[in-house]
Structure formats: structure tokens, C-alpha cells
Amino acid sequence: LAVNQEMEVLNADLKRKMAQLSPCRTDLEQVLADRSAALLCLDTELRVQRFSPGLEPLLRIRQENLGAQIGTITSTALEAKLASESRHVVRTREPRETLLRTHDGRWIEMRVAPARDSAEESLLVTLTDISAKRLEFDHMGVVGSALDQSRRAVAIAGSRGDIEYASRAFEKRAGKAPGRLIGTPLATSNITGYSKSETASLRKAVSAQAGWSCERRNPRPAPAGTGWESVQLTPVRNAEGVCVGMV
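The sections below set out a description of the structure shown in this document. Every value quoted in this text rests on a predicted model; they were computed, and no experiment measured them.

1. Some details on the overall build of the chain
Inference 1: Each helix and strand counted, the chain has seven helices and 11 strands in total.
Inference 2: Accessible surface, the chain: about 15,900 Å² in total, of which carbon and sulfur atoms supply 52%.

If you want it as C-alpha cells, here you go:
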């Protein structure tokens with residue numbers, strides 16, 4: 001009787017744990033079914049356990065490759081790098097992130113992290129195509145070079161008003177060393193040299209993601225030939241009308 005009671009307690013405990021794990025397993029299955037996600041589950045021998053449909057265009061893994069070891073499926077540089085990173089994570093149990101370029105010119109952000117699948121140690125691999133973001137970054141570099149050569153004092157900020165790029169002329173106007181303005185709020189008096197009321201007005205425009213302009217005497221040493229300056233703040237919006245930055 002005592003043995004039966006103990007078995008009933010263990011059985012109830014097991015059912016409770018299974019009920020707790022069930023939503024997690026369902027969530028994982030839903031994520032793996034998402035075609036926009038590129039996920040791969042490996043065991044500690046780097047054998048393919050599961051993967052999402054979104055992985056196939058990047059790694060060329062098919063259902064018949066289940067159980068195969070990463071590094072032996074294709075001869076691509078991406079798979080070779082994945083095998084190398086995965087072996088490192090197996091040894092150290094520490095996540096690894098790396099950026100690499102594929103043979104067709106795409107930029108891929110790779111993250112390999114240790115995970116636990118039921119009671120077994122495993123690896124979770126996430127591949128993200130960041131080609132569009134990389135292209136934007138490269139274009140920003142071209143735009144930045146053009147702005148530096150034009151000698152115009154220009155700053156580009158994100159939608160929240162933090163500076164992401166400042167031309168050399170803007171840095172000189174603010175009295176800052178190159179690169180020191182990155183991440184700084186655009187509407188701060190130590191950058192603009194404005195009065196409290198002007199700074200408050202600019203800060204309000206930044207907060208509202210609205211346009212703003214003024215003409216004023218330059219409080220800092222002016223370039224030869226002028227003591228006045230025209231200042232404009234212009235929000236940049238995407239096709240849906242959402243503010244994505246400010247100039």
C-alpha cells in the first residue's frame with residue numbers, strides 16, 4: 001500500500017512537471033515553424049536535431065539531413081564557421097556571436113548558445129540576415145563622407161533624438177572631439193550653446209518628432225564672414241509616416 005501511494009505521488013509530480021513543460025514545448029514548436037526565423041537545434045555532437053523552415057535558404061539543410069553532423073552536410077564557409085563556433089560553445093558553455101558574409105554577398109549574424117532540450121544538453125543556433133541594415137550602414141558612410149566634404153554642420157539622430165552621426169563641421173561647432181557626440185541627446189545646451197528657452201523649444205520639437213527652425217547669432221566663435229546662423233530640425237519619416245530619424 002505504501003509503495004502504491006508513493007508511486008501515485010511520483011506520478012502526480014511527473015504530470016505536474018509535464019504540464020509545466022508543455023507550453024514551453026508548444027512555444028518552441030511554434031517558433032521552429034515560423035518561416036521568418038532561422039533557428040537550428042544541435043546536440044553536443046553537432047548533429048542536426050530540429051530546424052525552422054527559415055534556415056533552409058541560408059544553410060541549405062533539408063529534412064533528410066536530420067541526424068547529420070554540421071560541417072559534413074555542405075562545403076560552404078557558413079557551415080564551416082558554424083561548426084567551429086559550435087565546437088567552441090560545447091567546450092566553454094558560453095554563447096558566441098559572429099558576423100560573416102556568404103558567397104552570394106549576404107551579411108549573416110550568427111549566434112550559438114548552450115541550451116537544454118529536456119534532460120539533454122544541446123545548442124541553439126540563430127542566423128539573422130542583416131544585409132539590409134548593413135547596406136544602410138554602408139550608405140551612411142557614403143553620406144557621411146559627402147557631408148564632411150561639404151563642410152556643412154549636420155547631425156543625424158535616431159527617432160528618440162540621440163545623435164548617430166555628426167559631420168566634422170558640427171563637431172567643431174559643438175567644440176567636441178571626433179566621435180564624442182555619438183549617443184548624445186541632440187537637444188542639449190552644451191552642444192548647441194543655446195539659451196534655456198531655445199534649448200527647451202528644441203527639446204520639445206525633438207520629443208514631438210516635429211520640425212523646428214530658428215535664426216540666431218552664433219554664441220561661439222563664428223566662421224569668417226558671418227556671425228549669424230540658421231538652424232533647422234527636420235524629422236525623417238518612412239512610407240507609413242513613422243519618424244525614423246532626425247536631421
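Read on, since the account is not over.
2. Some details on the pairing of strand β11 (residues 243-246)
Inference 1: The sheet contact formed by strand β10 (residues 235-237) and β11 spans three bridges and is antiparallel. Within the sheet, the bridge partner assigned to Pro 235 lies in β11 and is Met 246.
Inference 2: Between β10 and the antiparallel strand that follows it, β11, lie five residues; Gly 241 among them carries a positive phi value of about 85 degrees.

3. A few points about unusual backbone geometry
Inference 1: Backbone geometry places Arg 60, a non-glycine residue, at a positive phi of 55 degrees.
Inference 2: With respect to the helices and strands, Arg 60 occurs in the loop between α2 (56-59) and α3 (77-92).
Inference 3: Exposure remark for Arg 60: the relative accessible area of 42% places this residue in the partly exposed category.
Inference 4: Phi is positive for Arg 93, which is not a glycine, with a value near 60 degrees.
Inference 5: Topologically, Arg 93 is positioned in the loop between α3 and β3 (96-101).

4. Section: the pattern of salt bridges
Inference 1: With the rule as written, the count across this model stands at five salt bridges.
Inference 2: Among the ionic pairs, Arg 47 bridges to Asp 43, the shortest N-O distance being 2.9 Å.
Inference 3: Look at Asp 43 and you get buried, because its relative accessible area is 12%.
Inference 4: Of the charged contacts, one joins Glu 97 and Arg 111 as a salt bridge, the two residues approaching to 3.0 Å between their closest N and O atoms. Of this pair, Glu 97 sits in strand β3 while Arg 111 sits in strand β4 (residues 107-117), placing them 14 residues apart in sequence.
Inference 5: Among the charged side chains, a salt-bridge network with shared partners connects Lys 81, Glu 85 and Arg 96.

5. Structural notes on α3
Inference 1: The terminal C-alpha atoms of α3, which comprises 16 residues, lie 23 Å apart, in line with the 22 Å expected from a rise of 1.5 Å per residue.
Inference 2: Of the residues trailing α3, Arg 93 is marked for its positive phi of about 60 degrees.

6. Quick word on the environment of Glu 97
Inference 1: Using a relative accessible area of 58% as the deciding quantity, one classes Glu 97 as exposed.
Inference 2: Taking C-alpha positions, Glu 97 is 4.4 Å from Arg 111, a pair spaced 14 residues apart along the chain.
Inference 3: A polar contact is formed between the side chain of Glu 97 and the side chain of Arg 111, at a distance of 3.0 Å.

7. So, the nonpolar core
Inference 1: Counting 22 residues, the largest nonpolar core has Leu 40, Leu 55, Leu 59, Ile 61, Ile 70, Leu 82 and Leu 127 as its most contacted members.
Inference 2: Every element with two or more residues in this core is listed here: β1 (39-43), β2 (48-51), α2, α3, β4 and β5 (120-129).
Inference 3: Among the elements that make up this core, the one with the highest residue count is α3 (four residues).
Inference 4: Residues in contact with Ile 61, not counting those within four places in the same chain, are Leu 40, Val 48, Phe 51, Leu 55, Glu 56, Ile 70 and Ile 73.
Inference 5: Membership of the second largest hydrophobic core comes to 19 residues, among which are Ala 166, Ala 187, Ala 205 and Met 246.

8. Points about a nonpolar patch on the surface
Inference 1: A surface patch of nonpolar side chains, amounting to about 290 Å² of accessible area, comprises Val 236, Val 242, Val 244 and Val 247.
Inference 2: With respect to the element layout, Val 242 can be found in the loop between β10 and β11.
Inference 3: Val 242 sits in the partly exposed class, given a relative accessible area of 45%.

9. Overview of the environment of Ala 169
Inference 1: With respect to the helices and strands, Ala 169 occurs in helix α5 (residues 168-174).
Inference 2: Of the residues examined, Ala 169 reaches a relative accessible area of 23% and is grouped as partly exposed.
Inference 3: On a C-alpha basis, the gap between Ala 169 and Arg 151 in space is 5.7 Å, while along the polypeptide they are 18 residues apart.
Inference 4: Not counting residues up to four positions away in its chain, the partners in contact with Ala 169 are Arg 151, Arg 152 and Ala 153.

Calculation rules
Residues numbered from 1 in each chain as written. Predicted model: local features only at pLDDT ≥ 70, side-chain atom pairs only at ≥ 80, totals over all residues. Heavy atoms only, no water. Helix = DSSP H or I, 4+ residues; strand = E, 2+ residues; numbered from the N terminus. Areas by Shrake-Rupley, 256 points an atom, 1.4 Å probe, with all protein chains shown as cover. Pairing = 2+ DSSP bridges. Buried < 20%, exposed > 50% of the residue type's maximum accessible area, 1.4 Å probe, protein only. Salt bridge = Lys/Arg side-chain N within 4 Å of Asp/Glu carboxyl O. Expected span 1.5 Å × (residues − 1). Polar contact = N/O pair within 3.5 Å; in protein donor to acceptor, adjacent residues only side chain to side chain. Core = buried A, V, L, I, M, F, W, Y, C linked by side-chain atoms within 4.5 Å. Contact = heavy atoms within 4.5 Å. Patch = residues over 30% accessible without salt bridge, like charges linked within 9 Å, V, L, I, M, F, W, Y side chains within 5 Å.

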